[in-house]
Amino acid sequence: MTDDSTPPRPATARSWLREHSELGVCVLLLVLGVLVLTDALTMNVDITQRGPVGPRTVPLVVGTGLLAVAVLLAVDVLRGGRGEAEAGEDVDLDEPADRRTVALLTGVFLAFAALIGPLGFPVSGALLFWGSAYALGSRHLDRDPLIAAGLSLLTYFVFDNLLGVPLPGGPLMGVL
């Protein structure tokens, strides 16, 4: 025989935090936003500034966006909002992770980081884009390297010439 007339237990700080765990994400977003804004505002841009849109623009927009999302999420959580539980995508949780893909992507990113200095962004970026496509399953060996090279050159041109953010050109510095 149970007694349903027992009063509910008072909420403790620990149970309140457990019910509002999304506030941890708010704190993380707030810290990241402050870090990005601090870094952007202390950036020395005299050398690279060529116009009204310089290297500070994107970090300022991203940092401000992070702060806005942190505040809006905190307000929503404190008003009782909760994230939806995972509805269960078409993923079999009993299957192991695809370690081969993770290892290939890790290798591609490490190779990019090692090669950007000596080879420059256009060549190492093309290897990054092609290697990532290959690691994620694309097997168009005739088309993918051409798309990767075009995307890398376009990215280099936009950042170096239009945005004024100098990227290492490597051996192609005199050509581009």
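Residues numbered from 1 in each chain as written. Predicted model: local features only at pLDDT ≥ 70, side-chain atom pairs only at ≥ 80, totals over all residues. Heavy atoms only, no water.

What exactly am I supposed to notice about the overall build of the protein here?
Broken down by element type, the protein carries six helices and zero strands. Secondary structure of the protein in N-to-C order comes out as α-α-α-α-α-α. A sequence separation of at least 24 residues applies to 60% of the contacts in the protein between residues at least 6 apart. Counting every atom, the protein has about 12,900 Å² of accessible surface; 67% of that belongs to carbon and sulfur. (Helix = DSSP H or I, 4+ residues; strand = E, 2+ residues; numbered from the N terminus. Contact = heavy atoms within 4.5 Å. Areas by Shrake-Rupley, 256 points an atom, 1.4 Å probe, with all protein chains shown as cover.)

Looking at this structure, how should I read the pattern of salt bridges?
Side chains that differ in sign of charge can pair as their charged atoms come close. Under the counting rule described, the total for this entry stands at one salt bridge. Measuring nitrogen to oxygen at the nearest pair gives 3.9 Å for the salt bridge that ties D144 to R143. The exposure class of D144 is buried, given its relative accessible area of 10%. Looking at R143, the relative accessible area reads 41%, which means it is partly exposed. (Salt bridge = Lys/Arg side-chain N within 4 Å of Asp/Glu carboxyl O. Buried < 20%, exposed > 50% of the residue type's maximum accessible area, 1.4 Å probe, protein only.)

Would you mind going over the side chain of D144 with me for this structure?
Relative to the helices and strands, D144 is located in helix α6 (residues 144-162). Sequence-distant contacts of D144, defined by excluding residues within four places in its chain, comprise W130, S138 and R139.

Sorry if this is basic, but what is going on with helix α4 (residues 99-119) here?
Residues three or four positions apart in an α-helix share a direction because the helix packs 3.6 residues into each turn. Across its 21 residues, α4 extends 29 Å between first and last C-alpha, which sits within 8% of the 30 Å expected from 1.5 Å per residue. The largest bend in α4 amounts to roughly 30 degrees and is located at A113. Within α4, the full set of buried residues consists of T101, V108 and F112. G120 occupies a position one or two residues after α4 and carries a positive phi of about 85 degrees. (Expected span 1.5 Å × (residues − 1). Bend = angle between axes of the 7 residues up to and from the residue.)

I'm lost on the nonpolar core in this one. Help?
A general trend in soluble globular proteins is that nonpolar side chains are found buried together. Residues V108, F112, F121, L128, Y156 and L167 constitute the largest nonpolar core, which totals six residues. Counting only elements with at least two residues in this core, the list comes to α4 and α5 (121-135). (Core = buried A, V, L, I, M, F, W, Y, C linked by side-chain atoms within 4.5 Å.)

Help me understand α6, please; the structure alone is not making it clear to me.
Across its 19 residues, α6 extends 26 Å between first and last C-alpha, which sits within 8% of the 27 Å expected from 1.5 Å per residue. On its buried side, α6 packs onto α5. Two residues or fewer after α6 comes G164, characterised by a positive phi angle close to 75 degrees.

Looking at this structure, how should I read the packing of aromatic side chains?
Where two aromatic rings form a pair, the distance of their centres and the angle of their planes describe that pair. For the structure shown, the criterion picks out two aromatic pairs. One residue, R139, lies across the ring of Y134, its end atom 3.9 Å from the ring centre. (Phe/Tyr/Trp six-rings, centres within 6.5 Å; stacked < 30°, edge-to-face > 60°. Lys NZ or Arg CZ within 6 Å of the ring centre and 35° of its normal.)

So what exactly am I meant to see when it comes to a nonpolar patch on the surface here?
Taken together, the side chains of L28, L32 and L35 make up a nonpolar region of the molecular surface, amounting to roughly 290 Å² of accessible area. Looking at the secondary structure, you find L32 in helix α2 (residues 22-41). (Patch = residues over 30% accessible without salt bridge, like charges linked within 9 Å, V, L, I, M, F, W, Y side chains within 5 Å.)

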